[in-house]
Amino acid sequence: MKNILFFCIFVSVFLCCGCSKMSKAEALAKQEVLKYLYVPESYDPVETKLDSVFSPGESVETLSLVDQLLKLENEINRLDSQIREVKDRLSFFPDSHDSFWEKQIDNLNLELSEKMDEYNALITDYDNLYNKINNLLNAEQIFCGYKIYQRFRCKNNNGEITFSDVVIYTDEDIQEVKAVSDCDKLNPLLNAINNIKNR
């Protein structure tokens, strides 16, 4: 009988703690989302999920580093296209000792050299940042807070009802907001983290 009573008390406490966390998450999500709405009174929560966050692998700081990594990758790809374009232009010049053509070729070679220097510097920055992130992902992971997935309906500036999905990162007590992101912006970062983990 005592064992049954203890079990019932344990379950009740566990459920109350869970409800308390979810209630705090729902309240904090509403408080944060209302700051960004054109029509705050139209806020209508559809679904709320609460997940633990572990540092350093899932921390806001690591996500910021991954965002920098993706921007570097885009810049590297942009420069790579420009380098290939300059090389293509050089290939069309005639094999001539005419001063006019030689000047054009010299200018293009200078442009190519500058872009290659910039490209190589970015590659170095990318490799260093990638290694830093990889080390963070492989380090011991410690609980550092929660992330709230909030899906809701609201009116946009045209008065139309739309659906939105945001993720809110909080502290361990679900009281302080560390960061807020649209799922569309966050998903590429999470995908990049998974790709780094799986390499």
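Small disclaimer: the values here were computed from a predicted structure and weren't measured.

Moving on: the overall build of the chain. For the chain, the helix and strand inventory stands at 4 helices and 4 strands. Sequence-ordered secondary structure for the chain, helices as α and strands as β, is α-β-α-α-β-β-β-α. Counting all 199 residues of the chain, 29% fall into the buried class. Long-range contacts, defined as pairs at least 24 residues apart, comprise 69% of the intrachain contacts of the chain with a sequence gap of at least 6. Counting every atom, the chain has about 13200 Å² of accessible surface; 52% of that belongs to carbon and sulfur.

Judged from the 5 bridges that link them, strand 3 (residues 161-170) and strand 4 (residues 177-182) form a sheet pairing that is antiparallel. Following the sheet pairing, T170 is matched in strand 4 by V177. Turn length for the strand 3-strand 4 hairpin, with the two strands adjacent in sequence and antiparallel, is 6 residues, and the turn residue I174 shows positive phi of about 55°.

As a further point, take the packing of helix 2 (residues 60-91) against helix 4 (residues 183-198). Between helix 2 and helix 4, whose axes approach to 10 Å, the crossing angle comes to 90°. It follows from the interaxial angle that helix 2 and helix 4 lie roughly perpendicular. Side by side, helix 2 and helix 4 meet where L63, V66, D67, L69 and L70 of the first sit next to L186, P188, L189, L190, A192, I193 and I196 of the second. Class assignment for the residues of the contact of helix 2 with helix 4 results in 11 nonpolar, no polar and 1 charged.

Our focus in this paragraph is the packing of helix 3 (residues 99-138) against helix 4. Where helix 3 meets helix 4, the closest approach of the two axes is 10 Å, and the angle between their N-to-C directions is 80°. Classified by the angle between their axes, helix 3 and helix 4 sit roughly perpendicular to one another. From helix 3, Y130, I133, N134 and L137 reach across to helix 4, where they touch I193, I196 and K197. Looking at the contact of helix 3 with helix 4 residue by residue, the classes come out as 5 nonpolar, 1 polar and 1 charged.

Two side chains with opposite charge may pair up if their charged atoms get near one another. Within this structure, the stated rule accounts for 8 salt bridges. One salt bridge connects K35 with E32, and the closest N-O pair in it is separated by 3.1 Å. The class of K35 is exposed, set by a relative accessible area of 55%. One salt bridge connects D44 with R153, and the closest N-O pair in it is separated by 2.8 Å. One end of the pair, D44, is in strand 1 (residues 44-55); the other, R153, is in strand 2 (residues 142-155), and 109 residues separate them in sequence. A relative accessible area of 29% means that D44 is categorised as partly exposed.

As enumerated under the stated definition, the model contains 4 aromatic pairs in all. On the basis of an interplanar angle of 45° and a centroid distance of 5.5 Å, the ring pair of Y43 and F152 is categorised as tilted. You can see Y43 sitting in the loop between helix 1 (2-33) and strand 1 and its partner F152 sitting in strand 2, a full 109 residues away along the chain. Taking 6.1 Å as the distance between ring centres and 70° as the angle between the ring planes, the aromatic pair formed by F54 and F143 counts as edge-to-face. Placement of the pair is F54 in strand 1 and F143 in strand 2, with a sequence separation of 89 residues. What links up through ring pairs into an aromatic cluster is the set F54, F143 and Y146.

Relative to the assigned elements, Y119 resides in helix 3. Put simply, Y119 and N77 are 42 residues apart on the chain and 9.2 Å apart in space, counted from C-alpha to C-alpha. Every residue in contact with Y119, bar those within four places of it in the chain, is listed here: I76, L79, D80 and I83.

So, on to the nonpolar core. In terms of nonpolar packing, the biggest core is built from 29 residues, with L69 and I133 touching the most fellow members. Looking at this core, the elements that each hand over two or more residues are helix 2, helix 3, strand 3 and helix 4. Ranked by residues supplied to this core, first place goes to helix 2 with 10 residues. When residues no more than four places from it in sequence are discounted, the contact partners of L69 are Y126, L129, Y130, I133 and I196.

What counts and how
Residues numbered from 1 in each chain as written. Predicted model: local features only at pLDDT ≥ 70, side-chain atom pairs only at ≥ 80, totals over all residues. Heavy atoms only, no water. Helix = DSSP H or I, 4+ residues; strand = E, 2+ residues; numbered from the N terminus. Buried < 20%, exposed > 50% of the residue type's maximum accessible area, 1.4 Å probe, protein only. Contact = heavy atoms within 4.5 Å. Areas by Shrake-Rupley, 256 points an atom, 1.4 Å probe, with all protein chains shown as cover. Pairing = 2+ DSSP bridges. Axes fitted to C-alpha atoms, helices over the stretch in contact; angles between N-to-C directions. Parallel < 35°, antiparallel > 145°, perpendicular 65-115°, else oblique. Nonpolar A, V, L, I, M, F, W, Y, C, P; charged D, E, K, R; others polar. Salt bridge = Lys/Arg side-chain N within 4 Å of Asp/Glu carboxyl O. Phe/Tyr/Trp six-rings, centres within 6.5 Å; stacked < 30°, edge-to-face > 60°. Core = buried A, V, L, I, M, F, W, Y, C linked by side-chain atoms within 4.5 Å.

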